[in-house]
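Residue-level listing of the chains:
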2 protein chains.
Amino acid sequence: MNTEVLIKMITDSWQKQITATNKIFDNLSDEELLREVAPGRNRGIYLLGHLTVVHDRMLPLLRFDESKYPELKPVFLDAPDKAIEAIPSAHQLRQQWKEVNDALSHHIQNLPAADWFTRHANISEEDFIKEPHRNRLNVLLDRTIHLSNHRGQLLLLQHKKE
Amino acid sequence: MNTEVLIKMITDSWQKQITATNKIFDNLSDEELLREVAPGRNRGIYLLGHLTVVHDRMLPLLRFDESKYPELKPVFLDAPDKAIEAIPSAHQLRQQWKEVNDALSHHIQNLPAADWFTRHANISEEDFIKEPHRNRLNVLLDRTIHLSNHRGQLLLLQHKKE
């Protein structure tokens, strides 16, 4: 009983952050996405690409599926913003962001409760016996916190409420 | 067994965010805390006060204790930044931030596992029967995500790594 309540707490938190982040992206034009969140810092479009890569890589990490867009990793994870000049369009990234999260959402909703407590892909079966908290649900928790961190920055691109 | 693993996952995440946020505050001088995270946005000192209030209010919300510094609420929760001119010093807020988190940490470490799944102070016993996810552990999860959101903004005050 506690277990199911806990899975709901974490999956709900994830979904809430996704919804809140989508609201920000929806409110920003492609042009506004090209602005930096603060002087000299990441642009909105870089954070959109970065979050897309990190979430895309959750598909194999959670042992759900293969990454959909591995070609985004060198641009939005390995390189910092503005290091690579030619990046995908906001239009394309918005679509990829949506597709990756839809795929994740589908798997998340369908994973049986007990499976959340099995290991994620980056830990061996031997190590997992000693560190059972390194399970799939912990990946979701960690990425929810990561999303919130960048959502706080993306909020700075929005028009200020007067 | 799952329950204890899950409590560890969430309490570890909380502590990790506190440690990471303290590192930022420790690296910023009192003067740097007076800067805005982005043009026209909250100052670092406001976020320090805001997080102190939110965490202080977790003491009664988690049914641990009374708030230590209720006088901070009108300044850092009810009012936006720069609405009130006379605010406490960075020196005082740093100390209050530490005291609040130390108190929380003490209670968090000592709460028996089963008690995490009892209601928080803002939900009635009747409603809690219908919504068992509105428990004390969910408050900690929610505030961990809240902290991460503002930590992402505070990071913008740090000197850029070259």
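Undergrad: I'm lost on the relation of the copies chain A and chain B in this one. Help?
TA: Look at the two chain copies: a rotation about an axis and a shift along it is all it takes to match them. Least-squares fitting of chain A to chain B yields an RMSD of 0.0 Å, with the transformation described by 0.0 Å of translation along the axis and a rotation of 180 degrees. What the superposition gives is, in effect, a two-fold axis relating one chain to the other. Among all C-alpha atoms of chain A, that of A:Asn149 lies closest to the rotation axis, at 2.1 Å. Comparing contact sets, 100% of the residues at the interface of chain A also lie at the interface in chain B, consistent with an isologous, same-surface contact.

Undergrad: How do you make sense of the layout of surface pockets when you look at a structure like this?
TA: A probe matching the size of a water molecule, rolled over the atoms, marks out where space remains unfilled. Here the largest pocket defines a volume of roughly 1200 Å³. Lining the largest pocket are 46 residues, and of these A:Arg151, A:Leu155, B:His146, B:Asn149 and B:His150 sit closest to its centre. Mapped by element, the contributors of at least two residues to the lining of the largest pocket are α1 (2–27) and α7 (136–154) of chain A together with α2 (44–56), α4 (73–78) and α7 (136–154) of chain B. The greatest single-element share of the lining of the largest pocket, amounting to 10 residues, is contributed by α1(A). A breakdown of the residues in the lining of the largest pocket according to their chemical character gives 15 nonpolar, 18 polar and 13 charged.

Undergrad: Which parts of the structure should I look at to understand the interface of chain A and chain B?
TA: Interface size is commonly expressed as the accessible surface area that is lost when the partners come together. With 36 residues of chain A at the contact, the number on the chain B side is 36 residues. Buried area between chain A and chain B, both sides added, is near 3000 Å², and the carbon and sulfur share of it is 63%. Run the count over chain A and chain B and you get two salt bridges. Residue B:Lys16 is joined to A:Asp142 by a salt bridge in which the shortest nitrogen-to-oxygen separation is 3.6 Å. Joining chain A to chain B, the criterion identifies 10 residue pairs in polar contact (both at pLDDT 80 or more). Among the elements of the structure, α1 and α7 of chain A are those that each provide at least two residues to the side of chain A that touches chain B. Residue contributions to the side of chain A that touches chain B peak at 11 residues, all from α7(A). Residues that form the side of chain A that touches chain B fall into these classes: 15 nonpolar, 15 polar and six charged.

Undergrad: Would you mind going over the environment of A:Thr11 with me for this structure?
TA: All names here are of chain A. Relative to the helices and strands, Thr 11 is located in helix α1. Relative accessible area serves as the criterion here: at 16%, Thr 11 is assigned to the buried category. Sequence separation between Thr 11 and Leu 77 is 66 residues; the distance between their C-alpha atoms is 25 Å. With sequence-adjacent residues up to four places away left out, Thr 11 is seen in contact with Ile 108, Trp 116 and Leu 140. Polar side-chain contacts of Thr 11 include one of 3.4 Å to the backbone oxygen of Lys 8.

Undergrad: Please clarify how α7(A) should be interpreted in this entry.
TA: At 3.6 residues per turn, the α-helix brings residues three or four places apart onto the same side. All names here are of chain A. Counted at 1.5 Å a residue, the expected span for α7 with its 19 residues is 27 Å, and the 27 Å between its end C-alpha atoms agrees. With 17 of 19 residues buried, α7 lies mostly within the body of the structure. The N-terminus of α7 is capped by Asn 135, whose side-chain oxygen sits 3.1 Å from the backbone nitrogen of Leu 137.

Undergrad: Before we go on, may I ask you to explain the packing of helix α1 (residues 2–27) of chain B against α7(B) in this structure?
TA: The angle between the axes and the distance between the axes are what describe a pair of packed helices. All names here are of chain B. Where α1 contacts α7, the two axes come as close as 9 Å, and the packing angle between them is 25 degrees. Relative to α7, the element α1 is oriented roughly parallel. The two elements α1 and α7 meet at a crossing, and its hand is left-handed. Mapping the contact onto sequence places Ile 7, Ile 10, Thr 11, Ser 13, Trp 14, Gln 17, Ile 18, Ala 20, Thr 21, Ile 24 and Phe 25 in α1 and Leu 137, Leu 140, Leu 141, Arg 143, Thr 144, Leu 147, Ser 148, Arg 151 and Leu 154 in α7.

Reading the values: rules and limits
- Residues numbered from 1 in each chain as written.
- Chains lettered and ligands numbered in written order.
- Predicted model: local features only at pLDDT ≥ 70, side-chain atom pairs only at ≥ 80, totals over all residues.
- Heavy atoms only, no water.
- Least-squares fit on C-alpha atoms with pLDDT ≥ 70 in both.
- Contact = heavy atoms within 4.5 Å.
- 1 Å grid on protein atoms, 1.4 Å probe; cavity = no way out; pocket = protein on both sides within 12 Å on 5 of 7 lines; lining within 4 Å.
- Points joined across faces, edges and corners; volume = space filled by probe spheres on them.
- Helix = DSSP H or I, 4+ residues; strand = E, 2+ residues; numbered from the N terminus.
- Nonpolar A, V, L, I, M, F, W, Y, C, P; charged D, E, K, R; others polar.
- Buried area = accessible area lost by both parts, 1.4 Å probe.
- Salt bridge = Lys/Arg side-chain N within 4 Å of Asp/Glu carboxyl O.
- Polar contact = N/O pair within 3.5 Å; in protein donor to acceptor, adjacent residues only side chain to side chain.
- Buried < 20%, exposed > 50% of the residue type's maximum accessible area, 1.4 Å probe, protein only.
- Expected span 1.5 Å × (residues − 1).
- Axes fitted to C-alpha atoms, helices over the stretch in contact; angles between N-to-C directions.
- Parallel < 35°, antiparallel > 145°, perpendicular 65-115°, else oblique.
- Left-handed = near helix turned anticlockwise from the far one by under 90°.

So, to be careful, I would describe these as geometric facts and stop short of saying anything about function.
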